[in-house]
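For reference, the chains in residue letters:
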Amino acid sequence: MKNVLLIREIYMQAFRNLGHAFVKNYFKVFSWFCFAAFFIVLYAFIFRVATGFAFD
């Protein structure tokens with residue numbers, strides 16, 4: 001739980017004094033897109049490993 005709170009605090013500090021609202025919202029959306037893409041890739045890799053895909 002401590003790690004989750006630390007990541008949340010880092011996320012909040014990253015956007016605290018960023019500037020213009022459009023830039024702030026753009027980077028927030030982009031960061032959530034990157035998190036989602038990372039978890040999709042992680043899921044696909046774990047699925048391939050679990051089903052016995054041969055990485056030749």
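Parameters at a glance
Residue positions within a chain follow its written sequence, with the count starting from 1. In view of the model being predicted, local features appear only for residues whose pLDDT reaches at least 70, and side-chain atom pairs are presented and counted only at 80 or more, with totals across whole chains, interfaces and linings using the full set of residues. Side-chain metrics rest on all non-hydrogen atoms present in the structure, leaving aside hydrogens and water. For helices the rule is a DSSP run of H or I covering at least 4 residues; for strands it is a run of E covering at least 2, with both sets numbered from the N terminus onward. Note that the radius of gyration is over C-alpha atoms, with the globule rule given as 2.2 Å times the number of residues to the power 0.38. Each residue's exposure class comes from its accessible area (1.4 Å probe, protein chains only) as a fraction of the maximum for that residue type: buried when under 20%, exposed when over 50%, partly exposed otherwise. Method for areas: the Shrake-Rupley scheme with a 1.4 Å probe, in which residue coverage is limited to the protein chains shown. Every patch collects residues that have over 30% relative accessible area and no salt bridge, joining them within 9 Å if they carry like charges and within 5 Å if they are nonpolar side chains (Val, Leu, Ile, Met, Phe, Trp, Tyr). By salt bridge we mean one thing: a side-chain nitrogen of Lys or Arg within 4 Å of a carboxyl oxygen of Asp or Glu. Each helix should span, by expectation, one fewer than its residue count multiplied by 1.5 Å.

A. Expanded view of the overall build of the chain. Summing up its helical and strand segments, the chain has two helices and zero strands in all. Against the globule reference of 10 Å for 56 residues, the chain gives a C-alpha radius of gyration of 16 Å, more extended than a compact globule. In terms of principal-axis extent, the alpha carbons of the chain reach across some 50 × 30 × 15 Å. Counting all 56 residues of the chain, 5% fall into the buried class. Surface exposure of the chain reaches about 5,400 Å², of which carbon and sulfur atoms provide 73%.

B. Focus on a nonpolar patch on the surface. Judged by side-chain polarity, Trp32, Phe35, Phe38, Phe39, Leu42, Phe45, Ile46, Val49, Phe53 and Phe55 come together as a nonpolar surface patch covering roughly 1,100 Å² of accessible area. Within the secondary structure, Leu42 is located in helix H2 (residues 21-50).

C. Geometry of H2. Its 30 residues place the ends of H2 43 Å apart at the C-alpha level, agreeing with the 44 Å of an ideal helix rising 1.5 Å per residue. Gly52 sits one or two positions beyond H2 and adopts a positive phi of about 80°.

D. Molecular detail of helix H1 (residues 2-14). With 13 residues, H1 extends 18 Å between its outermost C-alpha atoms, agreeing within 8% with the 18 Å of an ideal straight helix rising 1.5 Å per residue. Burial within H1 is sparse, with just one of its 13 residues counted as buried.

From the geometry alone we can't say anything about function, so treat these as descriptive.
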